[in-house]
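Residues per chain are reported as follows:
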Amino acid sequence: MHTSGWYGIFSSTNEKPRVTWALLKRVFRYSDPYRWHIIGMLLIILVNTAMGLLTPLIFRTLIDQTIPQKQTSQLVLLAGALLLIPTISGLLNVGQRRLNSWVGEGVIFDLRVALYARLQRMSLRFFTNTKIGELMSRLNNDVVGAQNAISNTLVGIVMNLIQGAATLVVMLSLEWRLTLISVLIMPVLIVAARSMAARLREIARQAMDVNAQMNAMMNETLNISGALLVKLFGHSNLEVQRFEARAAHVRQVGIRRAVTGASFFVLIGLVGSIGTALVYGLGGYMVIQEMFTIGTIVAFGAYLSGLYGALQGLANAPAEFATSVVSFERVFEVLDLEPDIQDPAEPIRLERVRGQISFEGVWFKYPEGRRGLLQEVYRPNVPELVIEELPIESAIALPLPAEEPRNQAREYALEDINLVIEPKQLVALVGPSGAGKTTLTYLMLRLYDPTRGVVNLDGHDLRSLSRKDLTNAIGMVTQETNLFHDTIRTNLLYARLDATQEEIEDACRAANIHDFISELPDGYDTVVGERGYRLSGGEKQRLSIARVILKNPRILVLDEATSSLDSESEALIQDALKRVMHQRTSIVIAHRLSTILAADLILVIDRGRVVEQGTHAELLELNGLYASLYHTQFRRSG
Ligand code: ATP
């Protein structure tokens, strides 16, 4: 399985963590709320270290004094102490783990909530340009990696420092010559530990990478639309093969990780054994020469493992800490994203919305480039609109309108839009696919800001209003109805959290869906959505109409469904829509002749411009694009 792609995965992960002082300060700010927990942990570490140092001294006393001098009462006392010390130390360890996990899980919680809150503020552009699977990995894996910096690495460094220093002091005070012998091996131990740990970390990073790739593929192919696509093209076997390749990478890295991990421990153990051999060999010789006692050498043997353990931990600590800090950096990258669409500092409050919308010289180009997106999470293959860099002046000179539907590719999705939609008007947007109808509605909802020009609601620039006021004023019914996996009632309440059951039912009656819901076994408590009850297309549409009725916005934007439904379902929807549009400003991306005929104003959009406007009769008279659309499409749609 050693293909070039396999190595390619590895080479992309060779990031060198750069730990700056400013970054460290920011990281440590996250430990602030847990100050007392960390102090508690350090106290426990101190007590435990002291007790750990006692045990070898007890061995020494037993061997050199108690046993040879046959002091039975002291023997009982010391044997009791040998049981008591691990008991207390064990209990304290449990306490320390508890504090540690409190800090670790606490930091994970803080980071996760902060990340999620930031992502919720991002604009639609961010989500269309970002691979959600990879974003998930920041929410799931990086926060865990990051907290490691505080709850494990930091505490580990302090613990090893205390343990190492204290052990060394006790050893020196016992027998300085033997101490010198035992630290001889130290440089070898540190070099070995560092190089092995670096390899282990590298493999761990590869493991995260290949896992992320496997997960991304599962995400893409096992959700409903992905699964449907695979089935429609009959590519199940191909997908299994592709999955197998990714899973094989995971297996490969898993095995390498296990083998390298085991070799690491063997190597460290071996280096440690050199120290032990030296202590017993040279030390034993010194005992024979009666330079010190047997008990001292046994106690030294016990101290050695503690000392080497601490040194080994300290040797790895800087690199481990740096790795965790990289995770922090990846989390900070998301936290520092500037949302494209922001509330103004002092928004104009809308008391009563009349429902007038106007566009003044609006040009709009979908933003290019990566500003405001994540570097690694950016999806590079997103189809780009740019054909060539046309200056705006030459764009104006484009010939308009054409009789045949023309290629809609262009630099600006909307060009020089000037229009006024009066309160309570019903406006139909028509035009060829790709003309810019959806984009026009997106600007009304401020999902994007115009590149040039102004969109106004009741004469106020949308950018001067709060998003809350704007979303209250405008409701949108999209083509695809998105329902959360929850009860019908909860889905409806999403429009207005404080609606009463009576209001919900009224809205459903107006949307011609109440009778249907009442006949379901669980009524309004029926769970719908991804894994719930499957509603038909028409039912979903009526539910979304009920949702918008409940919200009761002054302005309604409707993307009329293109799929045709049976005439009964169609009649129910048209009837419901008539009610919801009544007394509101309505802007409809129209696909139904009945809607177009009912419209006060029809805006014909082509290549990002309003090329014709008027009523049905006026536009037919013009015999332009509308007339041709009417004859080719609408007349048949009834
Ligand atoms: P349809 O009736 O097929 O839905 P439409 O008239 O609603 O078409 P829009 O969706 O507004 O057309 O698209 C207008 C143009 O903007 C198209 O050329 C489209 O390719 C482009 N476009 C749409 N969304 C994006 C995006 N996120 N990034 C870049 N270009 C986009």
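Residues numbered from 1 in each chain as written. Predicted model: local features only at pLDDT ≥ 70, side-chain atom pairs only at ≥ 80, totals over all residues. Heavy atoms only, no water.

1. Examining the sheet that holds strand S4 (residues 452-457)
Here comes step 1: Strand order in this open sheet of four strands is S2-S1-S4-S5, and the pairing throughout is antiparallel. In the strand order of this sheet, the two ends are held by strand S2 (414-421) and strand S5 (460-461), each with one partner.
Here comes step 2: The pairing of S4 with S5 spans two bridges and is classified as antiparallel. Along S5, the bridge assignment pairs Leu457 with His460.
Here comes step 3: Helix-sheet contacts for helix H13 (residues 437-444) involve strand S1 (357-364), S2 and S4, and the interaxial angle to S1 is about 120°. (Pairing = 2+ DSSP bridges. Helix = DSSP H or I, 4+ residues; strand = E, 2+ residues; numbered from the N terminus. Contact = heavy atoms within 4.5 Å. Axes fitted to C-alpha atoms, helices over the stretch in contact; angles between N-to-C directions.)

2. Examining the packing of helix H3 (residues 35-66) against helix H11 (residues 294-335)
Here comes step 1: Where H3 contacts H11, the axes come no closer than 8 Å and their chain directions differ by 160°. Considered as vectors, H3 and H11 are oriented roughly antiparallel to each other. Relative to H11, H3 is oriented so that their crossing is right-handed. Between H3 and H11, the contacting residues are Leu53, Pro56, Leu57, Phe59, Arg60, Ile63 and Asp64 on the first element and Ile294, Gly295, Thr296, Val298, Ala299, Ala302 and Tyr303 on the second. (Parallel < 35°, antiparallel > 145°, perpendicular 65-115°, else oblique. Left-handed = near helix turned anticlockwise from the far one by under 90°.)

3. A look at the nonpolar core
Nonpolar side chains in soluble globular proteins generally cluster together in the buried interior.
Here comes step 1: Grouped together as the largest cluster of nonpolar side chains are 46 residues, with contacts concentrated most on Leu492 and Ile602.
Here comes step 2: With residues up to four places along the chain from it excluded, the contact list for Ile602 reads Ala428, Val430, Ile596, Glu612, Gln613, Gly614, Thr615, His616, Leu619 and Tyr626. (Core = buried A, V, L, I, M, F, W, Y, C linked by side-chain atoms within 4.5 Å. Buried < 20%, exposed > 50% of the residue type's maximum accessible area, 1.4 Å probe, protein only.)

4. Some thoughts on the sheet that holds strand S3 (residues 426-430)
Here comes step 1: Pairing is mixed in the open sheet, where six strands are placed in the order S6-S9-S10-S3-S11-S12. The open sheet has two free edges, formed respectively by strand S6 (474-477) and strand S12 (609-614), since each of these has just one partner strand. On average, adjacent strands in this sheet sit at an angle of 20° to one another, irrespective of strand direction.
Here comes step 2: Taken together, the four bridges between S3 and strand S10 (residues 585-589) define a ladder with parallel strand orientation. Bridge assignment links Ala428 to a residue of S10, and that residue is Val588.
Here comes step 3: Across the sheet, helix H18 (residues 537-551) lies against S6 and strand S9 (555-559), angled at about 175° from S6, the strand it touches most.
Here comes step 4: Docked against the sheet, helix H19 (residues 567-581) engages S3, S9 and S10, running at close to 155° with respect to S9.

5. Some remarks on the site of the ligand
Here comes step 1: By nearness alone, twelve residues border the ligand, and Ser433, Gly434, Gly436, Thr438 and Thr439 come closest of all.
Here comes step 2: Ser433 is positioned with one of its side-chain polar atoms (N or O) 2.6 Å from an oxygen atom of the ligand.
Here comes step 3: Contacts to the ligand include Ala435, whose backbone N or O atom sits 3.1 Å from an oxygen atom.
Here comes step 4: Tallied by class, residues from the shell around the ligand come to five nonpolar, five polar and two charged. (Near = heavy atom within 4 Å. Polar contact = N/O pair within 3.5 Å; in protein donor to acceptor, adjacent residues only side chain to side chain. Nonpolar A, V, L, I, M, F, W, Y, C, P; charged D, E, K, R; others polar.)

6. Observations concerning the environment of Gly284
Here comes step 1: Relative to the helices and strands, Gly284 is located in helix H10 (residues 236-288).
Here comes step 2: Leaving out residues up to four positions away in the same chain, Gly284 has contacts with Val279 and Ile297.

7. Side note on the side chain of Ser466
Here comes step 1: Relative to the helices and strands, Ser466 is located in the loop between S5 and helix H14 (467-473).
Here comes step 2: Within the structure, the side chain of Ser466 is placed 3.1 Å from the backbone nitrogen of Asp469, a separation counted as a polar contact.
Here comes step 3: Once residues lying within four places of it in the same chain are set aside, the contact partners of Ser466 are Asp343, Pro347 and Ile348.

8. Points about the pairing of strand S11 (residues 601-606)
Here comes step 1: Judged by how many residues are buried, S11 sits mostly within the fold: six of six residues are covered.
Here comes step 2: With four bridges connecting them, S3 and S11 associate as parallel partners. Bridging from a neighbouring strand, Val427 pairs with Leu601 of S11.
Here comes step 3: In sequence, S11 turns back onto S12 through a hairpin of two residues, with Arg607 there showing a positive phi of about 45°.

9. Examining unusual backbone geometry
Here comes step 1: One non-glycine residue, Asp458, lies in positive phi territory at about 50°.
Here comes step 2: Mapping Asp458 onto the fold places it in the loop between S4 and S5.
Here comes step 3: Look at Asp458 and you get buried, because its relative accessible area is 13%.
Here comes step 4: One non-glycine residue, Asn623, adopts positive backbone phi at about 55°.
Here comes step 5: With respect to the helices, strands and loops of the structure, Asn623 is situated in the loop between helix H21 (616-622) and helix H22 (625-637).

Read these as spatial facts, not as claims about activity.
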